[in-house]
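Descriptive analysis of the structure
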Amino acid sequence: QVQVVESGGGLVQPGGSLRLSCATSGGIFAFNAMGWYRQAPGKQRELVASINSGITNYADSVKGRFTISRDNAKNTVSLQMNSLKFEDTAVYYCNARNTVGYLYWGQGTQVTVSS
């Protein structure tokens, strides 16, 4: 059974940094694409960043502040978030798509930016 587990959320002041991590396990197919999404209260879930075969993609709102990276050996993906803003407050979700197209989601981790 495939598991996707996020960690690293928390409370941070504006301008601060957090690093989110996502670990995957299980399944017999490798993951090619992995990414981070977020959902703020009352809003739709939106893409934050993704990585696929080393190619990264970022939402305009986080470009230059967030960095996605992947450790292929460990099947993990991380999101380094710097210069955090109030509007970055959301539940952050990791997803992973395997080589036969199945998409798996984690349970989410809360990020709160507050003074």
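Remember, it's a predicted structure, so these values are computed and weren't measured experimentally. (Residues numbered from 1 in each chain as written. Predicted model: local features only at pLDDT ≥ 70, side-chain atom pairs only at ≥ 80, totals over all residues. Heavy atoms only, no water.)

Focus on the state of the cysteines
The condition that has to hold: By disulfide we mean two sulfur atoms from cysteines, separated by a distance within 2.5 Å. Secondary structure is summarised from DSSP: a helix means a run of H or I of at least four residues, a strand means a run of E of at least two, and numbering begins at the N terminus for each.
This structure, assessed with the given rule, holds one disulfide. Paired through a disulfide, cysteine 22 and cysteine 94 show a sulfur-sulfur distance of 2.1 Å. Judged by the torsion about the S-S bond (-80°), the cysteine 22/cysteine 94 disulfide is left-handed. Here the residue cysteine 22 occupies a position in strand E3 (residues 18–25), and cysteine 94 occupies one in strand E9 (residues 90–98), the gap between them amounting to 72 residues.

Brief notes about the side chain of asparagine 95
Put simply, the rule is: Exposure categories follow from relative accessible area, calculated using a 1.4 Å probe and restricted to protein chains: below 20% of the type maximum is buried, above 50% is exposed, and the middle band is partly exposed.
Relative to the elements of secondary structure, asparagine 95 occurs in strand E9. Classification of asparagine 95 by relative accessible area gives buried; the value is 7%.

Looking at the pattern of salt bridges
Under the convention used in this document: A side-chain nitrogen of Lys or Arg and a carboxyl oxygen of Asp or Glu constitute a salt bridge if their distance falls within 4 Å.
Per the counting criterion, the structure on display carries four salt bridges. We note a salt bridge from arginine 65 to aspartate 88, for which the minimum N-O separation is 2.8 Å. Of this pair, arginine 65 sits in the loop between strand E6 (55–58) and strand E7 (66–71) while aspartate 88 sits in the loop between strand E8 (76–81) and E9; the two residues are 23 residues apart in sequence, bridging distant segments of the chain. You can call arginine 65 buried: its relative accessible area is 10%. Assessed through its relative accessible area of 0%, aspartate 88 is described here as buried. Each of Arg38, Glu46, Arg65 and Asp88 takes part in a single network of salt bridges with overlapping partners.

Things to note about the packing of aromatic side chains
Here is the rule: What counts as a ring pair is set by centres within 6.5 Å for rings of Phe, Tyr and Trp (its six-membered ring), and what kind of pair is set by the plane angle: stacked under 30 degrees, edge-to-face over 60, tilted for all other angles. Charge over a ring is defined by NZ of Lys or CZ of Arg lying within 6 Å of the ring centre and within 35 degrees of the ring normal.
The full count for this structure, using the stated rule, is three aromatic pairs. Arranged with centres 6.5 Å apart and planes meeting at 80°, the rings of tyrosine 93 and tryptophan 105 form a pair that is edge-to-face. Of this pair, tyrosine 93 sits in strand E9 while tryptophan 105 sits in strand E10 (residues 103–105); the two residues are twelve residues apart in sequence, bridging distant segments of the chain. These aromatic residues form a ring-pair network of at least three members: Tyr37, Tyr93 and Trp105. Positioned above the aromatic ring of tyrosine 93, the side-chain terminus of arginine 45 is 3.7 Å from the ring centre. For arginine 45, the ring lying beneath its charged end belongs to tryptophan 105, and the centroid distance is 4.7 Å.

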